[in-house]
Amino acid sequence: MRICRYNHPDAGTNRIGIVRDDHVFDVTAALDSLPSFRYPFPLGDQLIANLDRLAPQMEKLADAGEGIPVAKIDFLSPVANPTKIIGVPQNYEEHALESTADHGISQGKPRRKMEDQGLFLKSNSALVGPSEGVALRFSDRRTDHEAELGMVIGKYGSDISYDDAMDYVAGFAIAMDMVVRGPEDRSFRKSVDTYAVLGPWLVTADEIPDPGNLDFHLSVGGELRQKNNTSNLILDLPGQIVWASQFYALHPGDIIMSGTCAGVNRVQPGDVMHLEFEGIGAMDVPVRAHDVY
């Protein structure tokens, strides 16, 4: 199943849809079956937490509905309420090498092993969907694209074992870990508003039998910049879940951005980043300048 969150001028805003054959079918009515909550609300994304229970109803609604062409849809992040967005630094060897060689990335510091760097967090307020685009701040500084596989956690877990790790994944999406270069802490520079892009939809884990072997690429203005396969990850997907869950509990909707490959580069207002991921699909992410309010 491919689940999206979207805006459409006729259907309304913040709708939930199922994607089938380049059409989106509105299944928002399924949200009426979510449990009712009072403050303080539970942690995590409640659609993701209840996805197994809601899926049959969502499929029935899609069967009975009339599809809207994907081209007419403005896609939001398929996850609305993660408790955290987790990043994995320099998780492809070629990117680790280019980072060390590029002073703009390394700031002249020597390479550190991933286990010495640790994972990092991006602010939840940075999360957007592809149609919302990236708003560049600090025009005098370099902001780079980083194409990644996004894993979405489906249920609560802590101290998860390697053998059980992938059972905690609800699905996968294309992720963009945008970053402004500079000397500040990594999480600070990666948590700018709109600097965490997820989309265009969530593909449930049952549809991607081998997420550790997916081709992907990113281009800007027709220029290929990043191309690789998730089989080249230094720390594989189950290992990322294990490591993250040793430090903090994972909740439904939490996002792990699994690391980027070589080819990261600067983007400018007016650029459109095109990403494709095997088994997931493709998305275009426009770049604009941040408006100062």
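Keep in mind it's a predicted model, so treat the numbers as computed, not measured. (Residues numbered from 1 in each chain as written. Predicted model: local features only at pLDDT ≥ 70, side-chain atom pairs only at ≥ 80, totals over all residues. Heavy atoms only, no water.)

## Looking at the pairing of strand S2 (residues 12–20)
As judged from the 5 bridges shared by strand S1 (residues 2–8) and S2, these two strands associate in the antiparallel manner. Across the sheet, the residue bridging to Ile-3 is Ile-18, located in S2. In the sheet, S2 pairs with strand S3 (residues 23–26) via 4 bridges, with the strands oriented antiparallel. Its bridge partner being in S3, Arg-20 is matched across the sheet by His-23. Where S2 hands over to S3, the hairpin turn is made up of 2 residues, of which Asp-21 adopts a positive phi near 50°. (Pairing = 2+ DSSP bridges. Helix = DSSP H or I, 4+ residues; strand = E, 2+ residues; numbered from the N terminus.)

## As for the packing of aromatic side chains
Working definition: an aromatic ring pair is given by the centre-to-centre distance plus the angle between the planes. With the rule as written, the count across this model stands at 4 aromatic pairs. Pairing Tyr-92 with Phe-216 gives two aromatic rings, centres 6.1 Å apart and planes at 65°, and the pair type is edge-to-face. Of this pair, Tyr-92 sits in the loop between strand S6 (85–87) and helix H3 (93–101) while Phe-216 is found in strand S15 (residues 215–220), placing the two residues 124 residues apart along the sequence. Relative accessible area serves as the criterion here: at 2%, Tyr-92 is assigned to the buried category. With relative accessibility at 3%, the residue Phe-216 sits in the buried group. Three or more aromatic residues joined by ring pairs make a cluster, and in this case those are Tyr-92, Phe-216 and Phe-277. If you follow Arg-20 out to its NZ or CZ, it ends over the ring of Phe-25, 5.9 Å from the centre. Sitting over the ring of Tyr-168, Lys-155 keeps its end group 4.7 Å from the ring centre. (Phe/Tyr/Trp six-rings, centres within 6.5 Å; stacked < 30°, edge-to-face > 60°. Buried < 20%, exposed > 50% of the residue type's maximum accessible area, 1.4 Å probe, protein only. Lys NZ or Arg CZ within 6 Å of the ring centre and 35° of its normal.)

## Here's the deal with a nonpolar patch on the surface
Nonpolar side chains collect at one region of the surface, where Phe-37, Tyr-39 and Phe-41 lie side by side and expose about 400 Å² of accessible area between them. Within the secondary structure, Phe-41 sits in the loop between S3 and helix H1 (46–49). (Patch = residues over 30% accessible without salt bridge, like charges linked within 9 Å, V, L, I, M, F, W, Y side chains within 5 Å. Areas by Shrake-Rupley, 256 points an atom, 1.4 Å probe, with all protein chains shown as cover. Salt bridge = Lys/Arg side-chain N within 4 Å of Asp/Glu carboxyl O.)

## What to know about the sheet that holds strand S9 (residues 134–136)
What the 5 strands build is an open sheet, ordered S9-S19-S18-S15-S16; its pairing is mixed. Each edge of the open sheet is held by one strand with a lone partner, namely S9 and strand S16 (223–229). Strand-to-strand, the axes of this sheet are offset by a mean angle of 20°, without reference to chain direction. For S15 and S16, the ladder comprises 6 bridges, and the chain directions are antiparallel. By the bridge assignment, Ser-219 is partnered in S16 with Leu-224. (Axes fitted to C-alpha atoms, helices over the stretch in contact; angles between N-to-C directions.)

## Digging into the nonpolar core
Of all hydrophobic cores here, the largest spans 56 residues; its most connected members are Ile-241, Met-273, Leu-275 and Ile-280. If we skip the residues at most four places from it in the chain, Ile-280 touches Arg-2, Leu-149, Phe-172, Ala-173, Ile-174, Trp-201, Val-203 and Ile-208. (Core = buried A, V, L, I, M, F, W, Y, C linked by side-chain atoms within 4.5 Å. Contact = heavy atoms within 4.5 Å.)

## Some details on the pattern of salt bridges
Scanning the entire structure with this criterion turns up 15 salt bridges. As a salt-bridge pair, Glu-223 and Arg-225 come within 3.6 Å of each other at their nearest N and O atoms. With relative accessibility at 44%, the residue Glu-223 sits in the partly exposed group. Among the residues examined, Arg-225 registers a relative accessible area of 17% and is labelled buried.

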